[in-house]
Amino acid sequence: MAKLAPSHFLQSSLSSEPTSLPRLSSTLTLLDDLGQLGELKTLNSVKAVHAQMIKMSHNNKMDIKAKSLATCYLEFGDSRSAAMAFFVGSAHYLPWSSFLEEFRRYGNDPEDVLKFFLEFHNGGVVFDSRVLGFVLKLCGNLKDLWLGLEMHAYLIKKGFDLDVYLNCALINFYGTCLGIESSNQLFDEMHKKEDMLWDEVIKLNSKKGRWVKVLELFRNMQLSFAKPNSATIINALQACGKVRALNEGKQIHGYVLRWELESNLSICNSLISMYSRNGRLELAKAVFDSMNDHNLSSWNSIISSYTALGCLNDAWIVYNEMELSDVKPDIVTWNCLLSGHSLHGSYQEVLAILKRMQDAGFKPNSSSITSVLQAVTELCLLKHGKEIHGFVIRNGLDYDVYVGTSLVDMYVKNNCLSFAQSVFDNMKNKNIFAWNSLISGYSFKGLFEDAEQLLNSMSQEGIKPDLVTWNGLISGYAMKCRHKEAIAAIHLMKSSGLTPNVVSWTALISGCSQNENHAESLKYFLQMQEDGIRANFATISSLLKACAGLSLLRKGEEIHCHSIRKGFVEDVFVATALIDMYSKAGNFRSAYEVFRMIKNKTLASWNCMIMGFATYGSAKEAISLFNEMRGAGLQPDAITFTALLSGCKNSGLVDEGWKFFDSMSTDYNIAPTIEHFSCMVDILARAGYLDEAWDFIQMMPLKPDASIWGAFLASCLTHKNLEFAETAAKNLFELEPHNPANYVLMMNLYSISNRWADVERLKDLMRKVGVKHSPVWSWTQIDQKIHMFCAEGKPHPDLGEIYFELYHLVSEMKKLGYEPDISCVHQNIDAVEKKKMLLSHTEKLAITYGLMKMKNGEPIRVVNNTRVCSDCHTAAKYMSVVRKCEIFLKDGTRFHHFREGKCTCNDCW
């Protein structure tokens, strides 16, 4: 209690008693009768009562009345007297936060409290430690650094520096104004560390999220034989959960048992949370089961533990037990269920839980809405999202920054950028997540000017772009083939003080792979390694996709080895990418081995393997695998049927193709896309059913695109049907006027028919339109080097040796019955010249070079960018016999595996 100096204002202002006030005895009687100071009608009456309370300060009842005295002064607008009443009488009974709340409620500035304190102090009022502690807390609350430092100096001077309450207040002040490190330093410099001081510094570090420091302090507290209170134990357990310190958590659990604190429900609830955060649900459940009593928080803790770790069925079992124990769920219970199902992808269940929650009489709060919006976003239910947005507005939940951010994200991911921008503009408090969501939305849509404008606005508002901000931009640039801008963004990120992480580089690598810039993907991966960034699952998947696109078997095998060393191969996405890589790089056996090693196969894994069989012309195996997939309980999707129809196309299975095409809509309710129609046209036309294919095109519900007419034209060339070919070509020249492949196919058909004038006409048309022939090439890899063979341009340096070897090969092949098929040369030259032209086909040169350089027994692998001609196909068969080797040839449409004079395509390609 403060001691009043003789000159204090209360002495003078209350020295003469106003005539209108009751006498002392009547005033006390009035107080006793009314029991509340709030009954006093004037400021003078309040002052009179205050004066008599001071005179009778020995009366214990007066201390109780002092609690309301400050409020009475505030009601009459005398904030100065209210402050003095609090400092002198109420500080022992009225919490400082309650007084400040009252002070603000009556329109006063809390800084005035500090001004009044200084005035009273300078006037000679001597305050005790509790008042000084309050002032220190207020200095921290108002960020008044200099007054707080002066207070610290005053405390040392007056010998208050050993007071535990003041030291607690000082630690809080330094933490608020100078940072947690200053608080910790002050604590370390204190000689006498009482239990309360340990509790306070641990609480402060916990609030600041310094979890490792919390555990360090708690351990030192134990070594100092200080006894923590329950709140400190809870903070330490929370730290064990945050930093996954299971062993330390078990030690604290042991401490709880030794000191028989297991009856404390809050501590037990924290133990449950700690064990669940460390992934030990069985220990969390053991703590829960050992509790003699469970409150609502206990039930919510164990339900939250199950939902957080994806044990959703167990969460519902506990929920039912909770209801049977007559404990009613609250909004927290429902939010645990909503967030758990949303977090683990059970989005439909989230909507069902929301309805059940509302039926139980609970109104969704901001936390509920955030979980539901995530589910709606993933399910692409824009209509539901708009309904929830309406609910948010009607119920005033749009103030919540997380709700606003979730709304922005929902509209962004549903391609409603104008709505997203509107929500964003109306958000009063924008966090960095909202900025990042909108920037990534604009980036992914290719609206880079809007994204960059937002980035500038973000900086202007004092929000520093983080890794997510930059990664969103990089992903957008990479997806839209703007690799230079993506690299520039990485350099800007570095210049801003941030280090590009694995997500930054993977976004760039993945974007290149998706746009079939596979060589760029591998180049950027090398740069990523130079920066010291280690690949993750997503990086490996993107790199394998690049290897698949380039058919780089050796590089793919290197990445496979790396995946095994790092444990990535256990990831189903990496495993699926490995299947795709091996299938497209010509090692189908390894693809199948990887597939069989996957424990939990996804639909994508099955589809990838079925497509692998289809590419190799193994339609029956593809169909068998499809039946196995159905037996495993998986439902096919549109991609599954694309793979099956491709298999039927490559194996000439017309009846099976019709069966799968019809079953899509009848058995699986899947509407065929243009890709499926294209496969059916190819199946019918390749098999020679050109009339049926024509009728199919005319009757299909979708407008035929270039893939339809291209498949039809290719088969017209095979079956030499000029009438249908001209119709297909006419459509293709309109749809794809700059695609040289269409002109080449038609010129080849004209040349077969000896219509050389039409060949020249098409050449003139190509020159007029500006179409150039695409380069024809083949390549093979010897050791670590790619050897390219092009029809035009710079010849291979060993071309002379290659032709010498090829002549010898052809000589041996002719002894076995090989005859050059000059019909594959579509030029108006004589037969001798045509035979010479056949020798220059790039796939022959690549195979020959492989035979020259490969070690005995090693298969030859060649990649060609056009459909292999029949002569090269026949020649490869003979080469496999003459040299007793296997030859893998990947052409523009499929794989050919030559062995002992046969090809896996069975001459159907």
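No experiment lies behind these values; they were computed from the predicted model shown.

(A) Representation of unusual backbone geometry. At Glu260, a position not held by glycine, the phi torsion is positive, near 55°. For Glu260, the position within the fold is in the loop between helix 15 (246–258) and helix 16 (265–277).

(B) Representation of the pairing of strand 2 (residues 785–790) in the model. Both strand 1 (residues 777–782) and strand 2 contribute to a ladder of six bridges, which runs antiparallel. Among the inter-strand pairings, Gln781 is bridged to a residue of strand 2, identified as Ile786. Where strand 1 folds back onto strand 2 in an antiparallel hairpin, the turn is made up of two residues, including Asp783, whose phi is positive at roughly 55°.

(C) The arrangement of the confidence of the model for the protein chain in detail. Counting all residues, the mean pLDDT for the protein chain is 88, and 93% of those residues have values of 70 or more. Of all the helices and strands in the protein chain, helix 1 (residues 9–13) carries the lowest mean pLDDT, 29, while helix 14 (residues 230–242) carries the highest, 97.

(D) Examining the pattern of salt bridges more closely. Per the counting criterion, the structure on display carries 28 salt bridges. For Lys555, the salt bridge goes to Glu558, with nearest N and O atoms at 3.5 Å. Separated by three residues within a single helix, Lys555 and Glu558 lie in helix 33 (residues 553–566), roughly one turn from each other. Across the salt bridge formed by Lys649 and Asp682, the nearest N and O atoms sit 3.9 Å from each other. With Lys649 in helix 38 (residues 638–651) and Asp682 in helix 40 (residues 674–686), this residue pair connects regions lying 33 residues apart in the sequence. The two residues Lys649 and Asp682 agree in class, both being buried.

(E) Broad picture of empty space enclosed by the protein. The final tally for this structure, using the stated rule, is one cavity of 30 Å³ or more. Taken together, Leu162, Val164, Asn167, Lys192, Glu194 and Leu197 make up the full set of residues lining the largest cavity. Residue composition of the lining of the largest cavity, by class: three nonpolar, one polar and two charged.

(F) Fine view of the environment of Val423. Mapped onto the elements, Val423 comes out in helix 25 (residues 417–426). When its relative accessible area of 10% is taken as the criterion, Val423 is described as buried. Sequence separation between Val423 and Tyr411 is twelve residues; the distance between their C-alpha atoms is 9.0 Å. For Val423, the residues in contact, after removing those within four places along its chain, are His389, Gly404, Leu407, Val408 and Tyr411.

Criteria and thresholds
Residues numbered from 1 in each chain as written. Predicted model: local features only at pLDDT ≥ 70, side-chain atom pairs only at ≥ 80, totals over all residues. Heavy atoms only, no water. Helix = DSSP H or I, 4+ residues; strand = E, 2+ residues; numbered from the N terminus. Pairing = 2+ DSSP bridges. pLDDT = per-residue confidence, 0-100. Salt bridge = Lys/Arg side-chain N within 4 Å of Asp/Glu carboxyl O. Buried < 20%, exposed > 50% of the residue type's maximum accessible area, 1.4 Å probe, protein only. 1 Å grid on protein atoms, 1.4 Å probe; cavity = no way out; pocket = protein on both sides within 12 Å on 5 of 7 lines; lining within 4 Å. Points joined across faces, edges and corners; volume = space filled by probe spheres on them. Nonpolar A, V, L, I, M, F, W, Y, C, P; charged D, E, K, R; others polar. Contact = heavy atoms within 4.5 Å.

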